[in-house]
Amino acid sequence: MKAPTGARILSGVKPSGILHLGNFFGAVRQHIDLQEENDAIYFIADYHSLDSVRDAAERRKLSLDIALDYLAFGLDPERAILYRQSDLPEVAELTWILGTVTPMGLLERCHAYKDQMAHGGKPDFGLFAYPVLMAADILIHSANFVPVGQDQKQHIEVTRDIAVKFNTTYGDVLTLPEPYILEALATVPGTDGRKMSKSYNNTIEMFATAKQLKKQVMGTVTDSTPVEDPKNPDESNLFTLWSLFATGAEQQEMADRFRAGGLGYGDVKKDLLERVMDYFADARTRREKLVSDLPSVEAILKRGAARARDAVAPLMDRVRQASGLGA
Ligand code: ADP
Ligand code: TRP
């Protein structure tokens, strides 16, 4: 699907840990790009994180990390809106209202809840109602497109169903959003060849210290083909990772060198490390600067929340009017 232009884009980012190359190439980079041609709104989903993180200080730190990362990658707070979800408490009000038109069956089919049930977990109300909160996040801004990974598509469909329920009950107030599935880039492999994921401990983290980053990149698992033998680039996660930072022509040349033999994996890793450092040099510098001035980051979030609250006020008025809440 072609990237939207002139649309209202909204996405939420769950504060759940240090970002890695998979997150960047799979989601964050597209979020930043979308601010150019659209009305982009991004928020740090700290209400959502209540389900998985139970430590207050940790939640604050993880939430701040998202702000630092997005700003370091070039999110322009003048152009896009960036706020912390809990600074827009109207969203909790809308969640309640939407919950009253949401059939239980719809939520019972949602995968996060279903997975917990299937694994003998004891889901709480928050996990069960998570898709209603997500619907409120989206509908409160009358968003047209929601850029998310494939795993979140079901939640956008649920959002549409809930919006239709509300609109048929109280009148046409809510705008139906479309998912904008971020699948342009294939899955980024981890250093062990599986999907890069913080749960597998196989990540390359662009904001790690230079020493850690070196350890992660040099730790990329390769096969034991001797230097002089030909190697298959199509089966090499090292080649795939390296290719993220190379032009088409460079990729072709490297693929030829793999096949020709005489190429040591160690040299490719060293070059990959250099490219990663180069590619993220500006972002790393910007992040360090932001870390040394946290009050300015907090001010950006507060200003983003103030803009978001102004933006949602008319819709919330219409919702209350239509449903007969208040005078
Ligand atoms: P993790 O697997 O490390 O827990 P998340 O599930 O928090 O990562 O990922 C957030 C978003 O980042 C996903 O919706 C997806 O779009 C993107 N993403 C994560 N890992 C990868 C990967 N290896 N390749 C491509 N995109 C990824
Ligand atoms: N549920 C999303 C995730 O786990 C995060 C999220 C919360 C979100 N609210 C949203 C994404 C609204 C898009 C729109 O990744």
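Computed from a predicted model, the values in this text were never measured in an experiment.

Once that is clear, we can look at the overall build of the protein chain. In terms of helices and strands, the protein chain carries 14 helices and five strands. Rg of the C-alpha trace for the protein chain: 22 Å, near the compact-globule value of 20 Å for 327 residues, within the 12% margin. Oriented by its inertia axes, the alpha-carbon framework of the protein chain measures out at about 80 × 45 × 40 Å. Relative to its 327 residues, the protein chain shows a buried fraction of 48%. Long-range pairs, those at least 24 residues apart, make up 79% of the contacts in the protein chain between residues at least 6 apart in sequence. Only carbon and sulfur atoms are counted for the fraction: they give 52% of the accessible area of the protein chain, which is about 16,200 Å². Charge centroids of the protein chain, computed over 38 positive and 45 negative side chains, lie 3 Å from each other.

Annotation of the protein chain at the domain level lists domain 1 (8–187 + 293–323) and domain 2 (208–279). A straight line from the C-alpha centre of domain 1 to that of domain 2 covers 36 Å. Between domain 1 and domain 2, the contact holds five residues from the first and four residues from the second. Buried area between domain 1 and domain 2, summed over both chains or domains, comes out near 370 Å², and the portion from carbon and sulfur atoms is 83%. Between the two partners, domain 1 and domain 2, sit zero salt bridges. At the surface where domain 1 touches domain 2, the tally comes to one residue pair in polar contact (both at pLDDT 80 or more). Class assignment of the residues belonging to the side of domain 1 that touches domain 2 gives a composition of four nonpolar, no polar and one charged.

For the rest of this paragraph, the subject is the site of ligand 2. Taken together, 13 residues lie around ligand 2, and Gly 12, Tyr 130, Met 134, Asp 137 and Gln 152 are the ones closest in. Between His 48 and ligand 2, the recorded distance is 3.4 Å, taken from a side-chain N or O atom to a nitrogen atom. One nitrogen or oxygen atom from the side chain of Tyr 130 is found 2.7 Å from a nitrogen atom belonging to ligand 2. Its free accessible area being 360 Å², ligand 2 has 88% of it covered by the protein chains. No other element matches helix H7 (residues 125–139), which puts four residues into the shell around ligand 2. Partitioned by chemical class, the residues of the shell around ligand 2 number seven nonpolar, four polar and two charged.

Bringing the side chain of Asp 137 into the picture now. Looking at the element boundaries, Asp 137 is found in helix H7. Despite its burial, Asp 137 pairs with no opposite charge, the nearest such side chain being Lys 14 at 11 Å. In this structure Asp 137 touches Leu 10, Phe 43, His 48, Gln 85 and Val 91, once residues within four positions along its chain are discounted.

What follows concerns the site of ligand 1. Lining the immediate environment of ligand 1, one finds 13 residues, of which His 20, Val 188, Met 196, Ser 197 and Lys 198 sit closest. Interatomic distance of 3.1 Å between a backbone N/O atom of Gly 22 and a nitrogen atom of ligand 1. Within the contact set of ligand 1, an oxygen atom lies 3.1 Å away from a side-chain nitrogen or oxygen of Asn 23. Calculation on ligand 1 without its partners gives an accessible area of 540 Å², and the protein chains cover 75% of this total.

Two elements in contact, helix H4 (residues 90–99) and helix H14 (residues 294–323), have axes separated by 11 Å at closest approach and are oriented at 25°. Considering their axes alone, H4 and H14 lie roughly parallel with respect to each other. In the crossing of H4 with H14, the sense of the turn from one axis to the other is left-handed. Taken together, the residues of H14 that come into contact with H4 (itself represented by Glu 90, Glu 93, Leu 94 and Ile 97) are Arg 309, Val 312, Met 316, Val 319 and Arg 320. For the contact of H4 with H14, a count of residues per class yields five nonpolar, no polar and four charged.

Reading the values: the criteria
Residues numbered from 1 in each chain as written. Chains lettered and ligands numbered in written order. Predicted model: local features only at pLDDT ≥ 70, side-chain atom pairs only at ≥ 80, totals over all residues. Heavy atoms only, no water. Helix = DSSP H or I, 4+ residues; strand = E, 2+ residues; numbered from the N terminus. Rg over C-alpha atoms; globule rule 2.2 N^0.38 Å. Buried < 20%, exposed > 50% of the residue type's maximum accessible area, 1.4 Å probe, protein only. Contact = heavy atoms within 4.5 Å. Areas by Shrake-Rupley, 256 points an atom, 1.4 Å probe, with all protein chains shown as cover. Lys, Arg positive; Asp, Glu negative; His and termini not counted. Charge placed at Lys NZ, Arg CZ, Asp CG, Glu CD. Domains from an automatic or database assignment. Buried area = accessible area lost by both parts, 1.4 Å probe. Salt bridge = Lys/Arg side-chain N within 4 Å of Asp/Glu carboxyl O. Polar contact = N/O pair within 3.5 Å; in protein donor to acceptor, adjacent residues only side chain to side chain. Nonpolar A, V, L, I, M, F, W, Y, C, P; charged D, E, K, R; others polar. Near = heavy atom within 4 Å. Axes fitted to C-alpha atoms, helices over the stretch in contact; angles between N-to-C directions. Parallel < 35°, antiparallel > 145°, perpendicular 65-115°, else oblique. Left-handed = near helix turned anticlockwise from the far one by under 90°.

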